[in-house]
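Observations on the three-dimensional arrangement
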Amino acid sequence: MASRLNLRFQAAPRQFLEKTVLFSDELTSPEATALMRNKIAHHIDIQPLHERSTARVLSGLHLYADSPLISYFIPPSGSALIPREEPPYRFVFFPEFNGSRLLVRPEGEKWLRIDCEQYLAGRAPEPEAAPGSPYCDSFAYWDHTSGDLVGRIRATAVLVKEAGHPWTVIMQQIVGTPGFEVVRRVFARRLRY
């Protein structure tokens, strides 16, 4: 696999996720959790993993061998506050997205709170449709994973902010036996807020 994965991802995130498996499970390792504690933005680095790739956390800017990829991260079953418009960092990474759902709610005029629910066992009603709900949008793994799929179906989700557009969620569906995973499909849509 060619290097410069951070640069390739930043230049065309959707196209990158359509062609290259990106695992995000290392972002929740004990070492990564310690590096990200009490920080708003993080030094994410995409590393080659044979024909696939994995996202990890670096302790500082000086450790990049590639283009810096400073991003937000939503911790497992946690939340983060991100700017609606013109954020200093244009990517939000999630823990491995299997059985997960992101929830979006406004915080004042300029902010969004993004929550990450995990361990959902199947489809659930959209929380934004409930009367009096604080949420304005949601995006769930189970809304896109059903039917004829068998085996372990993994997923990686990333929010991307393009200038002049709302945040966009991109979810990569990963299938295959361990060591031979491939991208099955990519689902993407702009968030409503």
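Right above here is the structure, for reference.
Note that this is a predicted model, so its numbers are computed, not measured.

What counts, and at which threshold
- For every chain, the first residue of its written sequence is number 1, and the numbers climb from 1 along that sequence.
- The predicted origin of the model limits local features to residues at a pLDDT of at least 70 and limits the giving and counting of side-chain atom pairs to 80 or more, whereas totals for whole chains, interfaces and linings rest on all residues.
- Note that the side-chain values use all heavy atoms of the structure and ignore hydrogens as well as water.
- The pairing criterion is simple: DSSP has to find at least two bridges between the two strands.
- Under the DSSP-based scheme used, a helix requires at least four consecutive residues in state H or I and a strand at least two consecutive residues in state E, with every element numbered from the N terminus.
- Nine residue types can take part in a nonpolar core, namely buried Ala, Val, Leu, Ile, Met, Phe, Trp, Tyr and Cys, and a core is a set of them joined through side-chain atoms within 4.5 Å.
- Remark: exposure states derive from per-residue accessible area (1.4 Å probe, protein chains only) relative to the maximum for the residue type, with buried under 20%, exposed over 50%, and partly exposed in between.
- Any two residues whose heavy atoms approach within 4.5 Å are treated as being in contact.
- In this analysis an axis means a line fitted to C-alpha atoms, helices contributing only their contacting stretch, and an angle means the value between N-to-C directions, from 0 to 180 degrees.
- For this analysis, a polar contact is any N or O atom pair within 3.5 Å, provided that within protein one partner can donate a hydrogen and the other can accept it, and provided that sequence-adjacent residues contribute only side-chain to side-chain pairs.
- Two rings from Phe, Tyr or Trp (for Trp, the six-membered ring) form a pair when their centres sit within 6.5 Å of each other. Planes less than 30 degrees apart are called stacked, planes more than 60 degrees apart edge-to-face, and all others tilted.

Take the pairing of strand β12 (residues 182-190) next. Bridge analysis of strand β11 (residues 168-175) against β12 gives 8 bridges, and the strand direction is antiparallel. Looking across to β12, one finds that Q173 is bridged to R185. A loop of 6 residues connects β11 with β12, the two strands running antiparallel in sequence, and G176 in this loop sits at a positive phi of about 120 degrees.

Further remarks concern the sheet that holds strand β2 (residues 42-49). One open sheet accounts for 8 strands, arranged β1-β3-β2-β4-β6-β10-β11-β12; its pairing is mixed. Edge strands, defined here as strands with exactly one partner in the open sheet, are β1 (22-23) and β12. Pairing geometry for strand β6 (residues 91-93) and strand β10 (residues 154-160), over 3 bridges, is antiparallel. Bridging from a neighbouring strand, F93 pairs with V158 of β10.

Soluble globular proteins tend to pack their nonpolar side chains together in the buried interior. If you look at the biggest cluster of nonpolar residues, it comprises 24 residues, and the most contacted ones within it are F94, F97, L102, I114 and L159. Looking at this core, the elements that each hand over two or more residues are β5 (79-83), β7 (101-107), β8 (111-117), β10 and β11. In contact with F97, other than residues within four places in its own chain, are L102, F139, A140, Y141, A155, T156, A157 and M171. Judged by nonpolar contacts, the second largest core, of 22 residues, contains F9, I46, F73 and V158.

Locating P166 in the fold gives a position in the loop between β10 and β11. Exposure remark for P166: the relative accessible area of 28% places this residue in the partly exposed category. Considered as a pair, P166 and A155 are 11 residues apart in the sequence and their alpha carbons are 22 Å apart. What P166 contacts, discounting residues up to four positions off in sequence, is V160, K161, R190, L191 and Y193.

The 4 strands are arranged β5-β8-β7-β9 in an open sheet whose pairing can be described as antiparallel. Each edge of the open sheet is held by one strand with a lone partner, namely β5 and β9 (137-140). Neighbour to neighbour, the strand axes of the sheet diverge by 20 degrees on average, direction disregarded. By the bridge criterion, 5 bridges tie β5 to β8 in an arrangement that is antiparallel. Looking across to β8, one finds that L81 is bridged to R113.

What follows concerns the side chain of R84. Position of R84 among the secondary structure elements: in the loop between β5 and β6. Sequence-distant contacts of R84, that is, excluding residues within four places in its chain, are made with P106, G108, E109, K110, W111, L112, K161, W167 and Y193.

Counting through the fold element by element, R154 comes out in strand β10. Take R154: its relative accessible area is 10%, and that puts it in the buried class. Within the structure, the side chain of R154 is placed 2.6 Å from the side chain of E96, a separation counted as a polar contact. If near-sequence neighbours (up to four positions away) are discounted, R154 is found in contact with F23, D25, E96, N98, Q172, Q173, I174 and E181.

Taken as a whole and assessed by the stated rule, the structure comprises 6 aromatic pairs. Between F9 and F16, the ring centres sit 5.6 Å apart and the planes meet at 90 degrees, which makes this aromatic pair edge-to-face. The exposure class assigned to F9 is buried, which follows from its relative accessible area of 0%. Classification of F16 as buried rests on a relative accessible area of 4%. Between F9 and F93 the ring centres are 5.7 Å apart and the planes differ by 35 degrees, which places this aromatic pair in the tilted class. Pair noted here: F9 is in helix α1 (residues 5-11) and F93 is in strand β6, with a separation of 84 residues, a long-range link. Overall, F93 belongs to the buried group, its relative accessible area being 0%.

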